[in-house]
Amino acid sequence: MAAKKTAKIKEFEYKAEMKQLLNLIVHSLYTHKDVFLRELISNASDALHKIRFRQLTDKDVLDADAELKISIRVDKDKRTFSIEDTGIGMTEADLMERIGTVASSGTLEFLEQARAEGKELDANLIGQFGVGFYSVFMVTDEVTIETRHADKESTGLRWKSDGSGTYTIEEIDRPHRGTTISFTLKEDAADFAEEFHVKHIIKKYSNFVDFPIYVGEEKVNTVQALWHKAKDDIKEEELNEFYKFISNDFDEPLSHLYLSLEGTVSFRALLFIPKKAPFDLFHDLQQEKSLHLYSSKVFIQDDCKALLPDYLRFVKGVVDTEDLPLNVSREVTQSSPVMAKIRSILTSKILAHFEDMAEKEPGKYATLYKNFGPLLKTGINSDFDNRDKIIELLRFGTTKTGKDEYISLKQYVERMQEGQKEIYYLAGEHRELLLKNPKLEYFRKHEYEVLLLTDPVDVFVVPSITEYDKKPLKSIDKADIDLDAGKDEDSEALNEDLASALISVFKETLGDKVEDVVASKRLVDSPVTLVVGKEGMDSQMEKMMKMMNQEYSGSKRILEVNISHPLIKNLSRLNLGDSTNPLLRKSIVQLYEAAQLIDGNLTSPMEFVQRMTEIMEEATK
Ligand code: ADP
């Protein structure tokens, strides 16, 4: 053993990214210092869960009989703090790979960006990015970790770092299993050396840790499985606290759902919907931690993807079932029929809860939809069993709603015009722009309501609905729409001969830029518009495709010409005089590009402006 004691201290350098991250944490994190305590307790609790889980199948571990607990000791005079757990402990590799590196690769860029934008790097951000342990450098300049892994042949290790550029690891004598983290507090963090202060914070954030936490001699937390209480005995305040504890959120939840079921499977669940979406819903780094799975009150795992479909991963909470064996392995949870059953019940209960919210608490549902709608909608294409329920949950702004007012497809159908057989939509980036789109003119004239799809996800979802309540969904961006406006013949329009002569010149001038040129039924105030042929994609969809695939060039459009428009009639007059008139040809190209501009597809703005200048020059001669 003596040799071990004198074993040399090895020094390691952090990766460059880690150094930057530490620097950010230490120098920019000025809010919520107490976060470090929550993070250290949460790590200790994880380590205790791991050893308890292992002991279900393997009794041959170091200190097999040790009480599973967390002990915190502080010394007010020396300003010292230590936290010890009897958890799984760490090996040298753990210390190097888990403590010495940042968990997720995007972390640094994100934090840098948040700082550049002047956002406060607060506890919420820290929690989201798995830089947990390092929050300790908010309150100290140097940290010591002493640890020994639960494997019997493990050795004691001491890790030390001042959080600047390097850390050291040495072997030590440590007879017992688990981890002790200790440090001296900075002057401005002296509060954390006061027992009452530490107890207060634990009560606030860590009351639901599954293991006893001692501060000095006193056990501070209550260690209870809230979801095992009867529904009516659970206080609102407890729910909020519990949510904050499992979700790392500082806000209260938007809504919760309590389930207690007995039948082919029995389980209890306490589920929560957060008020806000994480910074990037589609790459939610916490998504793994959506539901915590317990088996008969024993924690099994917290990355339980198998319990919820992906499109509901924003729902947080716990599920506890007695129908799974305690020593269930990760592989088993992925493929177990019990899990599949629970998942299917949870999914329909959650969707029913949303439906209920939409009806009884529309304001809350609007918040939910705004934050999580984009993810929820993707279920339409992935969960065919619940597709119809999700479709009912969709909400849209329309040409007839106010700015922040949204309706369901059901409401749309209820207020359809007499004789209207289709549900119309138009996709684009934002409402104001869409409302100015010439394609709406016909629909406005006939008072047909048009859904305005402004969420980028919509174009991947809505076309796949094809019909609702037997009414086909149609993009008004497309040519194949059943427009009956032609019936009320417009006496102001060019007669057929003039129109077809002019359209020939349009075709000749535009050549293969367009698929076709036709007289329009849908335009009222605008001279031309571009629509998509039967085979083509919606403009908005095409734009998204182009963003994802640089090579994709899109399909050709059909140019519709409003033969009642004064400008078009003027062009017809020029055409009668001389069909090769350069002004006529120039105007046609200009009209075509203007329509492209409105759709957001104009690729040559310089030529467009140049041509406009020339036309204006002639007009003002
Ligand atoms: P996170 O907890 O989000 O993974 P941390 O930086 O807090 O990130 O911790 C990194 C890793 O270090 C943990 O995942 C765990 O593997 C290990 N670790 C931290 N504290 C302990 C502890 N008390 N006992 C055992 N392992 C720990």
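Up top is the structure these notes are about.
The structure presented is a predicted model; accordingly, all values stated were derived computationally and were not measured.

J.: Whenever I open this one, the overall build of the chain confuses me. Can you help?
T.: Across its full length, the chain carries 22 helices and 22 strands. For the chain, restricting intrachain contacts to residue pairs at least 6 apart in sequence, the fraction spanning at least 24 positions comes to 72%. For the chain, the exposed surface amounts to about 30000 Å²; the carbon and sulfur share of it is 50%.

J.: Teacher, can you tell me more about the side chain of Asp458 here?
T.: When you line up the elements, Asp458 lands in helix α17 (residues 458-461). Excluding residues that lie within four positions of it along the chain, Asp458 makes contacts with Lys377, Phe396, Leu453 and Pro463.

J.: Just to check I follow, could you spell out the side chain of Asp455 for this structure?
T.: Mapping Asp455 onto the fold places it in the loop between β17 (450-453) and α17. Take Asp455: its relative accessible area is 17%, and that puts it in the buried class. A polar atom in the side chain of Asp455 sits 2.7 Å from the side chain of Lys377. With sequence-adjacent residues up to four places away left out, Asp455 is seen in contact with Pro374 and Lys377.

J.: In this structure, what is going on with the packing of aromatic side chains? I would like to understand it.
T.: The description of an aromatic ring pair rests on the distance of the ring centres and on the angle between the ring planes. Going through the model one piece at a time under the given rule, you end up with 22 aromatic pairs. Measuring from centroid to centroid gives 5.1 Å for Phe133 and Tyr134, while their planes differ by 85°, and the two rings are edge-to-face. Accessibility expressed as a relative area gives 7% for Phe133, which makes it buried. Taking the relative accessible area as the measure of exposure, Tyr134 reaches 3% and is therefore buried.

J.: Please explain the nonpolar core as it appears in this structure.
T.: The nonpolar side chains of a soluble globular protein tend to be buried, and buried together. In terms of nonpolar packing, the biggest core is built from 74 residues, with Leu346 and Phe354 touching the most fellow members. With 10 residues, the single largest contributor to this core is helix α10 (residues 337-360). For Phe354, the residues in contact, after removing those within four places along its chain, are Ile273, Leu312, Phe314, Val315, Tyr365, Leu368, Leu376 and Leu393. Counting 53 residues, the second largest nonpolar core, distinct from the first, contains Ile72, Phe133, Val209 and Phe211.

J.: Whenever I open this one, the sheet that holds strand β19 (residues 471-475) confuses me. Can you help?
T.: Within a sheet, adjacent strands bond to each other through the backbone by hydrogen bonds, running parallel or antiparallel. One open sheet accounts for five strands, arranged β15-β17-β16-β19-β18; its pairing is mixed. Only two strands of the sheet have a single neighbouring strand rather than two, namely β15 (397-398) and β18 (467-468). Pairing geometry for β18 and β19, over two bridges, is antiparallel. Residue pairing across strands places Glu467 opposite Pro472, the latter belonging to β19.

J.: Before we go on, may I ask you to explain the pattern of salt bridges in this structure?
T.: Side-chain pairs of opposite charge can arise where the charged atoms are in close proximity. Going through the model one piece at a time under the given rule, you end up with 34 salt bridges. A salt bridge links Arg73 to Glu84; its shortest N-O distance comes to 3.7 Å. Of the two residues, Arg73 is situated in strand β2 (residues 70-75) and Glu84 in strand β3 (residues 80-85); the sequence distance between them amounts to 11 residues. On the accessibility criterion, Arg73 (47% relative accessible area) is partly exposed. Since its relative accessible area comes to 19%, Glu84 is described here as buried. Close ionic contact of Glu449 with Arg415 constitutes a salt bridge, the shortest N to O distance being 2.7 Å.

J.: How should the pairing of β17 be read in this particular structure?
T.: Within a regular strand, the side chains alternate between the two sheet faces. Neither face of β17 is exposed, since Val450 and Leu452 on one face and Leu451 and Leu453 on the opposite face are all buried. The pairing of β15 with β17 spans two bridges and is antiparallel. Across the sheet, Thr398 pairs through a bridge with Leu451, a residue of β17. Note that strand β16 (residues 423-427) and β17 share four bridges and pair parallel. When the bridges of β17 are listed, Leu426 appears paired with Leu452.

J.: Just checking my understanding: could you explain the pairing of strand β10 (residues 255-261) for this structure?
T.: Sheet analysis places β10 next to strand β11 (residues 267-273), joined by seven bridges and oriented antiparallel. Directly across from His256, in β11, lies its bridge partner Phe272. With antiparallel pairing between neighbouring strands as the criterion, β10 and β11 make up a hairpin whose turn holds five residues.

J.: Is there a simple way to explain the packing of helix α18 (residues 496-510) against helix α20 (residues 566-577) in this structure?
T.: To describe two helices that pack against each other, one gives the angle between their axes and the distance between the axes. Two elements in contact, α18 and α20, have axes separated by 10 Å at closest approach and are oriented at 85°. Between α18 and α20, the angle is such that the two are roughly perpendicular. Of the residues in α20, those in contact with Leu498, Ala501, Leu502, Val505 and Phe506 of α18 are Ile568, Leu571, Ser572, Asn575 and Leu576.

J.: Teacher, can you tell me more about helix α11 (residues 362-377) here?
T.: Every α-helix carries 3.6 residues per turn, so stepping three or four residues along brings you back to the same face. Spanning 16 residues, α11 covers only 18 Å between terminal C-alpha atoms, well under the ideal 22 Å at 1.5 Å per step. Turning to α11, its buried residues number three or more, namely Tyr365, Leu368, Tyr369, Asn371, Phe372, Gly373, Pro374, Leu375, Leu376 and Lys377.

J.: Just to check I follow, could you spell out the packing of helix α21 (residues 582-598) against helix α22 (residues 605-619) for this structure?
T.: Packing of α21 against α22 brings their axes to within 10 Å, and their N-to-C directions diverge by 135°. For the element pair α21 / α22, the angle class is oblique. The way α21 lies across α22 gives a crossing that is left-handed. Across from Leu583, Lys586, Ser587, Val589, Gln590, Glu593, Ala594 and Leu597 in α21, the residues of α22 making contact are Phe608, Arg611, Met612, Glu614, Ile615 and Glu618. Looking at side-chain class alone, the contact of α21 with α22 contains seven nonpolar, two polar and five charged residues.

Cut-off values and rules
- Residues numbered from 1 in each chain as written.
- Predicted model: local features only at pLDDT ≥ 70, side-chain atom pairs only at ≥ 80, totals over all residues.
- Heavy atoms only, no water.
- Helix = DSSP H or I, 4+ residues; strand = E, 2+ residues; numbered from the N terminus.
- Contact = heavy atoms within 4.5 Å.
- Areas by Shrake-Rupley, 256 points an atom, 1.4 Å probe, with all protein chains shown as cover.
- Buried < 20%, exposed > 50% of the residue type's maximum accessible area, 1.4 Å probe, protein only.
- Polar contact = N/O pair within 3.5 Å; in protein donor to acceptor, adjacent residues only side chain to side chain.
- Phe/Tyr/Trp six-rings, centres within 6.5 Å; stacked < 30°, edge-to-face > 60°.
- Core = buried A, V, L, I, M, F, W, Y, C linked by side-chain atoms within 4.5 Å.
- Pairing = 2+ DSSP bridges.
- Salt bridge = Lys/Arg side-chain N within 4 Å of Asp/Glu carboxyl O.
- Axes fitted to C-alpha atoms, helices over the stretch in contact; angles between N-to-C directions.
- Parallel < 35°, antiparallel > 145°, perpendicular 65-115°, else oblique.
- Expected span 1.5 Å × (residues − 1).
- Left-handed = near helix turned anticlockwise from the far one by under 90°.
- Nonpolar A, V, L, I, M, F, W, Y, C, P; charged D, E, K, R; others polar.

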